[in-house]
Amino acid sequence: MKRPIVKYGAPILRAKGRAVTAVNEQIRALAADMLETMHAANGVGLAAQQVGEALQLTVLDVSEVEDRPSTLKLSGIEVDPRVAMPLVLLNPEIRLHGETLPGTEGCLSFPEITAEIDRAFSVTVKAEGLDGEFFQIEASGLLARALQHEVDHLNGILFIDRMSSVAKASLSSRLKRLQKETQQR
Ligand code: ZN
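Residues numbered from 1 in each chain as written. Predicted model: local features only at pLDDT ≥ 70, side-chain atom pairs only at ≥ 80, totals over all residues. Heavy atoms only, no water.

Caption draft 1: Seen up close, the sheet that holds strand β7 (residues 134-141). Ordered by their spatial adjacency, seven strands build an open sheet running β1-β2-β5-β6-β7-β3-β4, and the pairing between neighbours is antiparallel. Every other strand in the sheet has two partners, leaving β1 (45-47) and β4 (77-79) as the edge strands with one partner each. In this sheet, neighbouring strand axes are inclined to one another by 40° on average, regardless of whether the strands run parallel or antiparallel. Here β1 runs beside strand β2 (residues 57-60); their pairing, made up of three bridges, is antiparallel. (Pairing = 2+ DSSP bridges. Helix = DSSP H or I, 4+ residues; strand = E, 2+ residues; numbered from the N terminus. Axes fitted to C-alpha atoms, helices over the stretch in contact; angles between N-to-C directions.)

Shown next as structure tokens:
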């Protein structure tokens, strides 16, 4: 079932997600809803906060993006990122590696707003899957960027917090308007 996406201005986007302690029917249903919601919105990632649940749960899918490559190793084995998608991550822990690069980012909670954000080129993420097993991801490129963006969401951090002050200032009236629209609902 597709769920409404929570927009900027809603307090839940600032909530740190609680750890998922058991993979039960409710968590599986939430993950399925999040995948459906993300795909319907043509997003590459969605965090639980964005559908109104403050939990350490995120879904990602970069397989439809042709012009921004990714690499992926799953538990040490290099795989084609497209065939490994979508990813469902519970309780992810991220480590950043290498140089920081600017790149364009958007967010489904900020319709029509994009900005250049500095992110680490590669990351290592340890997470649990819906089968309850731990696995490790090593990613670079777009997938590494998306993982950093989503793990930020799980901790109540938004991409506007990572923008340069100049970029944020130039968006300030649009951000205020969006916040007001959300709070008037
Ligand atoms: Zn986002």
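Caption draft 2: A look at helix α5 (residues 172-184). Under the 1.5 Å per step criterion, the end-to-end length of α5 is 18 Å for 13 residues, consistent within 8% with the ideal 18 Å. Within α5, burial applies to Leu 175, Leu 178 and Thr 182. Looking straight down α5, one finds that the buried residues subtend no more than 65° of arc, so they occupy a single side. With respect to the buried face of α5, the exposed residues turned more than 90 degrees away are Lys 176, Lys 180, Gln 183 and Gln 184. Buried residues along α5 sit in contact with β6 (110-128) and α4 (165-170). (Expected span 1.5 Å × (residues − 1). Buried < 20%, exposed > 50% of the residue type's maximum accessible area, 1.4 Å probe, protein only. Arc of directions from axis to C-beta. Contact = heavy atoms within 4.5 Å.)

Caption draft 3: Expanded view of the side chain of Ser 63. Among the secondary structure elements, Ser 63 is positioned in the loop between β2 and β3 (70-74). Judged by its relative accessible area of 17%, Ser 63 is buried. Polar contacts involving the side chain of Ser 63 include one to the side chain of Asp 61, which spans 2.6 Å. Once you skip the residues sitting within four places of it in the chain, Ser 63 turns out to touch Arg 82 and Met 85. (Polar contact = N/O pair within 3.5 Å; in protein donor to acceptor, adjacent residues only side chain to side chain.)

Caption draft 4: Inspection of the coordination of the zinc ion at higher detail. On the protein side, the zinc ion has Cys 107 (SG), His 149 (NE2) and His 153 (NE2) as donor atoms, found 2.1 to 2.2 Å from it. Mapping the donors of the zinc ion onto the primary sequence gives the spacing C-x41-H-x3-H. With a gap of 42 residues between them, Cys 107 in strand β5 (residues 87-107) and His 149 in helix α3 (residues 142-154) connect regions that are remote in the sequence. (Donors = N, O, S within 2.8 Å, 3.2 Å for Na, K, Ca; no water.)

Caption draft 5: View of unusual backbone geometry. The omega torsion across Met 85 and Pro 86 is -5°, close enough to zero to call that bond cis. Along the chain, Pro 86 turns up in the loop between α2 (81-84) and β5. The backbone phi angle of Asn 42 is positive, close to 55°, even though this residue is not glycine. For Asn 42, the location among the structural elements is in the loop between α1 (25-40) and β1. For Ser 75, which is not a glycine, the phi torsion comes out positive at approximately 45°. For Ser 75, the location among the structural elements is in the loop between β3 and β4. Looking at Ser 75, the relative accessible area reads 49%, which means it is partly exposed.

Caption draft 6: Summary view of the pairing of β3. As paired elements, β3 and β7 share five bridges and run antiparallel to each other. Across the sheet, the residue bridging to Leu 74 is Ile 137, located in β7. When β3 meets β4, the two strands line up antiparallel, connected through three bridges. Within the sheet, the bridge partner assigned to Lys 73 lies in β4 and is Glu 78. Hairpin connection of β3 to β4: two residues between the antiparallel strands, including Ser 75 at a positive phi of 45°.

Everything listed here is a matter of geometry and, on its own, says nothing about what the molecule does.
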